Amino acid sequence: MPAIAYVSRTEHFSAAHRLHSLHLSDEENRQVYGNCNHASGHGHNYVLETIFRGPIDPETGMVVNISDVKQWIKTAVLDVVDHRNLDADVAFFKKRTSTIENLAVFIWARLLQQVPEGLLYKVIVSETPKNKVEFCGDGLTAADIDECIV
């Protein structure tokens with residue numbers, strides 16, 4: 001049995017959003033989200049780390065080709081969210097609050113459409129040096145993935 005390794009790739013992108021839930025009143029949104037609920041929104045310089053897990057191929061010495069990883073991330077994520085307003089420009093966030101948790105779900109679902117089955121292990125999204133979310137696909141449904149097709 002070949003050795004199993006974890007390979008990660010880190011990318012950066014900038015995006016704006018407003019934390020505002022359609023399920024809450026304006027007052028409840030202000031109470032829950034504070035300044036992040038400002039009508040004009042705000043932005044972040046996000047850090048995205050993707051982690052892939054798999055056997056080390058005895059012929060190539062790789063779990064995954066980093067050239068492929070860079071292209072998957074560019075196509076599935078960066079081309080869709082970089083320098084965008086998540087709420088206005090990404091259909092997934094028309095029905096969901098653009099929290100970092102939902103952004104991690106969106107990124108996972110988008111990558112699943114590019115990455116060979118079983119290779120994607122985890123995505124980590126940081127919106128500030130102090131706030132990050134890790135997502136491994138738990139609880140994701142086929143309907144969630146379908147809503148991420150752009």
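Note that the coordinates shown come from a computational prediction; the quantities given were computed from them, not determined experimentally. (Residues numbered from 1 in each chain as written. Predicted model: local features only at pLDDT ≥ 70, side-chain atom pairs only at ≥ 80, totals over all residues. Heavy atoms only, no water.)

I'd like a rundown of the overall build of the protein chain, residues and numbers included.
Check the secondary structure of the protein chain and you find 5 helices and 5 strands. Secondary structure elements of the protein chain occur, N-terminal to C-terminal, as β-α-β-α-β-α-α-β-β-α. When its C-alpha atoms are laid out on the principal axes, the protein chain stretches across 60 × 30 × 25 Å. Taking all 150 residues of the protein chain together, 40% fall into the buried category. Relative to all contacts within the protein chain whose residues are 6 or more apart in sequence, the contacts with residues 24 or more apart total 70%. Of the accessible surface of the protein chain, which amounts to about 8,500 Å², a share of 50% is contributed by carbon and sulfur atoms. Side-chain charges in the protein chain split into 14 positive and 20 negative, and the spacing between the mean points of these groups amounts to 4 Å. (Helix = DSSP H or I, 4+ residues; strand = E, 2+ residues; numbered from the N terminus. Buried < 20%, exposed > 50% of the residue type's maximum accessible area, 1.4 Å probe, protein only. Contact = heavy atoms within 4.5 Å. Areas by Shrake-Rupley, 256 points an atom, 1.4 Å probe, with all protein chains shown as cover. Lys, Arg positive; Asp, Glu negative; His and termini not counted. Charge placed at Lys NZ, Arg CZ, Asp CG, Glu CD.)

Help me get a handle on the packing of aromatic side chains, residues and values and all.
Overall, the coordinates contain 7 aromatic pairs when judged by the stated rule. Between F92 and F93 the ring centres are 5.2 Å apart and the planes differ by 90°, which places this aromatic pair in the edge-to-face class. As far as the burial class goes, F92 and F93 line up, both buried. With 5.3 Å between their ring centres and 40° between their planes, F92 and F106 make a pair best called tilted. Of this pair, F92 sits in the loop between α3 (86-89) and α4 (100-112) while F106 sits in helix α4, and the two are 14 residues apart along the sequence. (Phe/Tyr/Trp six-rings, centres within 6.5 Å; stacked < 30°, edge-to-face > 60°.)

Please set out the sheet that holds strand β4 (residues 120-128) residue by residue, giving values where relevant.
Across the sheet, which stays open at both edges, the 5 strands sit in the order β3-β1-β2-β4-β5 with mixed pairing between neighbours. Of all strands in the sheet, those bounded by a partner on one side alone are β3 (84-85) and β5 (131-135). With 14 bridges joining them, strand β1 (residues 4-17) and strand β2 (residues 42-55) adopt antiparallel strand pairing. Bridge assignment links I4 to a residue of β2, and that residue is P55. Contacts from α4 reach β1, β2, β4 and β5 within the one sheet, and its direction differs from that of β4 by about 145°. (Pairing = 2+ DSSP bridges. Axes fitted to C-alpha atoms, helices over the stretch in contact; angles between N-to-C directions.)

Describe the side chain of T50, listing the residues and the values that go with them.
Along the chain, the position of T50 falls in strand β2. Overall, the relative accessible area of 0% leaves T50 in the buried class. Those residues in contact with T50 that lie beyond four places of it in its chain are V7, S8, R9, V69, I73, L111, K122 and V123.

Can you explain the nonpolar core? Please cite residues and give values.
Ranked by internal contacts, the top residues of the largest apolar core, which has 38 residues, are F13, L103, F106, I107, L111 and V123. Elements supplying a minimum of two residues to this core: β1, β2, α2 (66-81), α4, β4 and β5. A per-element tally of this core places α4 first, with 9 residues. Sequence-distant contacts of F13, defined by excluding residues within four places in its chain, comprise H44, N45, Y46, L48, L78, V81, D82, L103 and I107. (Core = buried A, V, L, I, M, F, W, Y, C linked by side-chain atoms within 4.5 Å.)

Would you mind going over the pairing of β5 in detail, with residue names and values included?
Across 5 bridges, the pairing between β4 and β5 is antiparallel. In the sheet register, I124 faces β5, and the bridge partner there is E134. Linking two consecutive strands that pair antiparallel, namely β4 and β5, is a turn of 2 residues.

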